[in-house]
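Single-letter residue listing:
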Amino acid sequence: MSNSTTKNLFLIESSVLSKISNLIPKNSKIISFDYESHQYFKKTETPHIQSEKFLFDSDLEKINCIAKNLSKWSKEKIISNFITYENLNLGDLFTVEFHYFILPFIKKFLEIQRILSKFPNSILHTSGILSNIVEHLGIEHVSKISEHNPFFLYDDIKIKTPFLNFNLSRTKFDKIKNFSENLSHFLSSKSLENSYKNILFVEFDLKRYESLFVESKKYQLNLIIHNRRRPLYYNPKSFQIFRNSNCIDSFNYINEKNIDNKLISKINSDILNNIKSHNIQFRDFFQIDGFSIWEIIKPSFLELCEKRIESSLLEFLIATQIFENQTIDKIILLSENGFNEQIFLTLGKKFNVEICLLQHGIFLDDPNALDHNIFSGIVPIKSDKILGWGGITKNYLSNIVSDSKIEIVGYPGFDKYLDSENSSEKYVLLTTTAPRKIDVKGYLIKYLEQYENSIFHICSILAQQGKKIIIKTHPFMDEHQLPERITKLPSVQIKNNSNVLELMRNSELVIVFGISTIALEAQILGKPIIFYENDYDLGTTTLTRSKLCMLLNDNNFETIVPQIFNDSNVKSDLIQKGNDCVKQYLSNLGFASKKTLDYFKQNH
C-alpha cells in the first residue's frame, strides 16, 4: 500500500458492480469499499485492496464516537429551536436512521483521505457517495462511474414469512397495511369498558406477549394497542389473541380525516427552509477533524429530513387524538428511541401520564456498554418506570437511575414457555447475530468474514458428529446474509422466519453466537446452551461473565462439543447451570403477566 505511480485507481462499492465489468483496464489498482465488492473481486480472482486496510485500530473507536456525536445534530440549541414542534424534537425521531447513514460515511471518508495520501497522482474512478467525497476533497482527476442515490434504513419494509422474503416500499406497505386494517377493524370492532383503566401499548407484537394479553381478561383493564409500524394482527393466531383479550385497537380513537394536512405541509416546509437558511450552523457542526462534510452529505440529509419530518408530524397529530378522545392511565413502551415511542414519551409528559419501559431483552450490563444501552433506548432515562426482569436487572440499573424507577415484575413474554413441552431432540439449533451495524465493526470485512468462518467451523464440526443443524439468524432487517458455502451445506437448514420457540423445543443443543436473549429462553426450556465467543459484541452480560453457561470458541469447540453429546454428566451439568441462571435472571417466571397486570391496576 506504499506510494505508487498507479495511473488508474478504482474506488469501488457494491452499488456499481453491475457497471464495471468492462470498465477497468489492466494495470489499474482496485480498492473495494464494502463486503459485497470485496466478495465480487475475490470470486472473480481480481487483485484488489480492502479500503479498511488503510485504517488503524485506533480509528474504529474514533469512527463510532464521531458518528454518535454527529447523530446528535438535532440537539444543537439553534437547530433544536426550529425543529421542535409542541415540545417534540422532530429530528430526534430519526436519530437511529441518521446514525445508520452517517456511520459508514465516516468510515469511507477517513479511508479516502488515507488513500489519497498514498496515491496522490492517480486518476480516480469512483461512484456514488465515494465520488462526492473525492470531489469535495478537491481532487481534480476524477472519473465518475455513477451518481449517488441515497437509501435509508426504513425506506423499504422487509416482509418475512416462513415461505418467502421480499421488500416493499414504505408507500406500498402503508397502502396494504391500511387496507387490511380497515377490513379487520370492521370484523373485530371492540369497545372499552368505561369503568376500567386504560393502558396504552405502543408497537407491541400480540404473539410475543400472548400470556399478558390473554391474562388481561381477568382484569378490569382496557389494553389499547397502538401499532403503526406493524399490523395489529397478521395471522389467525394473533387475531385470536386479540379477540380473547381485553385488547382494543387505537384505531377507535383516531380519525385521519381530521388531520390538518395543510398544517403539516407548512410546518415541514418551514423546517426545511430553516435548515437551508442555517447553512453556517450545519457546516460548523458537521465536521471531521476540522473538515466540514456538510456540503457532501447535505443533499442526502435534506432528503431524509423531507421524508421523515412530514411523517413525524402526521404520527404526532394522530397520537394526540388518542389523548384527546380517551383518558389514558399508563403508557407502555419497549424502547425510548423508537420513532413512535419518542412521540409518546413527549405526549405522556404533556398529558401527565406515567410512562413505563418494559424490559424486553437481556442487558449488556458491563460499564463499557452504558452508552450503547442509552443510545438503544433500553435504559429508563425519560420513562417514569422500568418494569424489569429480576435481581440482575435491578443491580445493573441501580447504578444508573434511582431505585424508585425500577419495578421488578418478571417478563410476560416467557410465561408461556413453562407450558411448552419439548419434542424429540432432532438437531442442533444455532442462533446467530452478525457484527451489528450500530458499530463500525458491522461494516468491516475482517469481522464479517470471521463471523462466517466461525459459523462454517461450527457446522463442519457438528456435521462430523452426525448432527443436523438449523440456523436462525437475527431478525434485524439489514442482517448480514450468510454465504452459500454455509447455506448449501447438506447438514444445514436456514429457518430465518420460523418460530424460535418451536425450534428450541425440538433441539438437543442450542448454540448462541452473538449475545442474545435466546440463551435465556433456551435455559427456561431446560436446553443445554453454549455461548460462542467473538470479538465484535458491544459488551458483555452477567450470563457470559458468570460460570452459568459454557463459553467456547474456534480454538476449543472441536475438542469440547463432543463431550456434550457423549457424556450425560456434562449435558446435565449444563442444564443445571441454566436452571440456576434462570433463577438469578427472572422473577415471577410463569406468572409475570399477572404481576405486570397487577402493577397496571394500581394507582400511582
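Owing to the predicted nature of the structure, the values given are computational and were not obtained by experimental measurement.

Visitor: In this structure, what is going on with the overall build of the protein chain? I would like to understand it.
Guide: In terms of regular secondary structure, the protein chain is built from 22 helices and 24 strands. Reported as C-alpha extents along the three principal axes, the dimensions of the protein chain are approximately 80 × 70 × 45 Å. Considering only residue pairs separated by 6 or more positions, the protein chain has 71% of its internal contacts joining residues 24 or more positions apart. Carbon and sulfur atoms make up 48% of the accessible area of the protein chain, which amounts to about 27100 Å² in all. A gap of 2 Å separates the mean positions of the 71 positive and 69 negative side-chain charges of the protein chain.

Visitor: Teacher, can you tell me more about the sheet that holds strand β21 (residues 492-494) here?
Guide: Note on sheets: strands pair through backbone hydrogen bonds, and any given pair is parallel or antiparallel. Reading across from one edge, β21-β20-β19-β22-β23-β24 is the order of the six strands in this open sheet, with parallel pairing throughout. The sheet is open, and its two borders are formed by β21 and β24 (550-552), each paired with just one other strand. On average, each strand axis in the sheet is inclined to that of its neighbour by 25°, with strand direction left out of account. Both strand β22 (residues 507-513) and strand β23 (residues 529-532) contribute to a ladder of four bridges, which runs parallel. The residue bridging Val510 from the neighbouring strand is Ile529, located in β23.

Visitor: How should I be thinking about the packing of aromatic side chains in this particular structure?
Guide: One pair of aromatic rings is described through two measures. These are the centre distance and the angle between the planes. Counted according to the given criterion, the structure contains 37 aromatic pairs. Aromatic side chains Phe201 and Phe204 sit 5.0 Å apart centroid to centroid with 90° between the ring planes, which places their arrangement in the edge-to-face category. One exposure class covers both Phe201 and Phe204, and it is buried. With 5.0 Å between their ring centres and 55° between their planes, Tyr233 and Phe242 make a pair best called tilted.

Visitor: I would appreciate a short explanation of the nonpolar core in the present structure.
Guide: Here is a general trend for soluble globular proteins: nonpolar side chains tend to be buried in one another's company. Of all hydrophobic cores here, the largest spans 124 residues; its most connected members are Trp73 and Phe286. If you tally residues by element for this core, the top one is helix α11 (residues 294-325), at 15 residues. Excluding residues that lie within four positions of it along the chain, Phe286 makes contacts with Leu70, Trp73, Phe98, Phe291, Ser292, Ile293, Trp294, Ile297 and Phe301. Core analysis: the second largest hydrophobic core is formed by 59 residues, Ile332, Leu358, Ala369 and Val582 among them.

Visitor: Please explain the sheet that holds strand β11 (residues 221-226) as it appears in this structure.
Guide: An order of β12-β11-β10-β15-β16-β17-β18 is seen for the seven strands of this open sheet, with the pairing classed as parallel. If you trace the sheet from one side to the other, it starts and ends with β12 (247-249) and β18 (406-408), each paired once. Recorded for the sheet is a direction-independent mean angle of 30° between the axes of neighbouring strands. Where strand β10 (residues 197-202) and strand β15 (residues 330-333) come together, three bridges link them in parallel fashion. By the bridge assignment for β15, Leu200 is matched with Ile331.

Visitor: Help me understand helix α4 (residues 95-118), please; the structure alone is not making it clear to me.
Guide: Two residues of an α-helix separated by three or four positions point the same way, owing to the 3.6 residues in each turn. Taking 1.5 Å of rise per residue, the 24 residues of α4 would be expected to cover 34 Å, and the 35 Å separating its terminal C-alpha atoms lies within 8% of that figure. In terms of burial, α4 is a largely internal element, 19 of the 24 residues being buried.

Visitor: I'm lost on the pairing of β10 in this one. Help?
Guide: Each regular strand carries side chains that alternate between the two faces of the sheet. In terms of burial, β10 is largely enclosed, as six of its six residues are buried. In β10, alternate side chains face the same way, and those of Lys197, Ile199 and Phe201 on one face and Asn198, Leu200 and Val202 on the other are all buried. Of the pairings in the sheet, the one linking β10 to β11 comprises six bridges and is parallel in character. In the sheet register, Leu200 faces β11, and the bridge partner there is Ile224.

Visitor: Would you take a moment to explain the pattern of salt bridges for this structure?
Guide: One side chain can pair with another of opposite charge once the charged atoms of both are near each other. The full count for this structure, using the stated rule, is 27 salt bridges. Among the ionic pairs, Glu449 bridges to Lys42, the shortest N-O distance being 3.6 Å. Note that Glu449 is positioned in helix α15 (residues 445-464) and Lys42 in helix α1 (residues 35-43), a separation of 407 residues in sequence. For Lys349, the salt bridge goes to Asp384, with nearest N and O atoms at 3.3 Å. Of this pair, Lys349 sits in helix α12 (residues 339-350) while Asp384 is found in the loop between α13 (370-376) and β17 (385-388), placing the two residues 35 residues apart along the sequence. According to the relative accessible area criterion, Lys349 is partly exposed, its value standing at 46%. Under the relative-accessibility criterion, Asp384 is labelled partly exposed at 30%. Where salt bridges share partners, they join Arg228, Glu256 and Glu315 into one cluster.

Visitor: Looking at this structure, how should I read the packing of α4 against helix α5 (residues 128-136)?
Guide: Packed helix pairs are characterised by how far apart their axes lie and by the angle those axes make with each other. In contact at an axis separation of 10 Å, α4 and α5 are set at 50° when each is read in the N-to-C sense. As judged from the angle between their axes, α4 and α5 are oblique. For the pair α4 and α5, the crossing hand works out as right-handed. Each of Phe105, Lys108, Phe109 and Ile112 in α4 lies in contact with α5, whose residues at this interface are Ile129, Leu130, Ile133 and Val134.

Visitor: Looking at this structure, I do not really get the state of the cysteines. What am I missing?
Guide: Here, disulfide denotes a covalent bond that connects the sulfur atoms of two cysteines. Per the stated rule, a full pass over the model turns up zero disulfides. Cys356 takes part in no disulfide bond, and the closest cysteine sulfur to it belongs to Cys247, at a distance of 17 Å.

Visitor: What should I look at first to understand the pairing of β17 in this one?
Guide: A two-sided burial pattern is seen for β17, the buried positions comprising Lys385 and Leu387 on one face and Ile386 and Gly388 on the other. Note: strand β16 (residues 354-358) against β17, three bridges, orientation parallel. Bridge pairing links Leu357 to Ile386 in β17. Viewed along the sheet, the connection from β16 through α13 into β17 turns out right-handed. Bridge count for β17 against β18 is three bridges, and the pairing is parallel. Bridge pairing in β18 links Ile386 to Ile406.

Calculation criteria
- Residues numbered from 1 in each chain as written.
- Predicted model: local features only at pLDDT ≥ 70, side-chain atom pairs only at ≥ 80, totals over all residues.
- Heavy atoms only, no water.
- Helix = DSSP H or I, 4+ residues; strand = E, 2+ residues; numbered from the N terminus.
- Contact = heavy atoms within 4.5 Å.
- Areas by Shrake-Rupley, 256 points an atom, 1.4 Å probe, with all protein chains shown as cover.
- Lys, Arg positive; Asp, Glu negative; His and termini not counted.
- Charge placed at Lys NZ, Arg CZ, Asp CG, Glu CD.
- Pairing = 2+ DSSP bridges.
- Axes fitted to C-alpha atoms, helices over the stretch in contact; angles between N-to-C directions.
- Phe/Tyr/Trp six-rings, centres within 6.5 Å; stacked < 30°, edge-to-face > 60°.
- Buried < 20%, exposed > 50% of the residue type's maximum accessible area, 1.4 Å probe, protein only.
- Core = buried A, V, L, I, M, F, W, Y, C linked by side-chain atoms within 4.5 Å.
- Expected span 1.5 Å × (residues − 1).
- Salt bridge = Lys/Arg side-chain N within 4 Å of Asp/Glu carboxyl O.
- Parallel < 35°, antiparallel > 145°, perpendicular 65-115°, else oblique.
- Left-handed = near helix turned anticlockwise from the far one by under 90°.
- Disulfide = S-S within 2.5 Å.
- Right-handed = clockwise from strand over helix to strand, strands pointing away.

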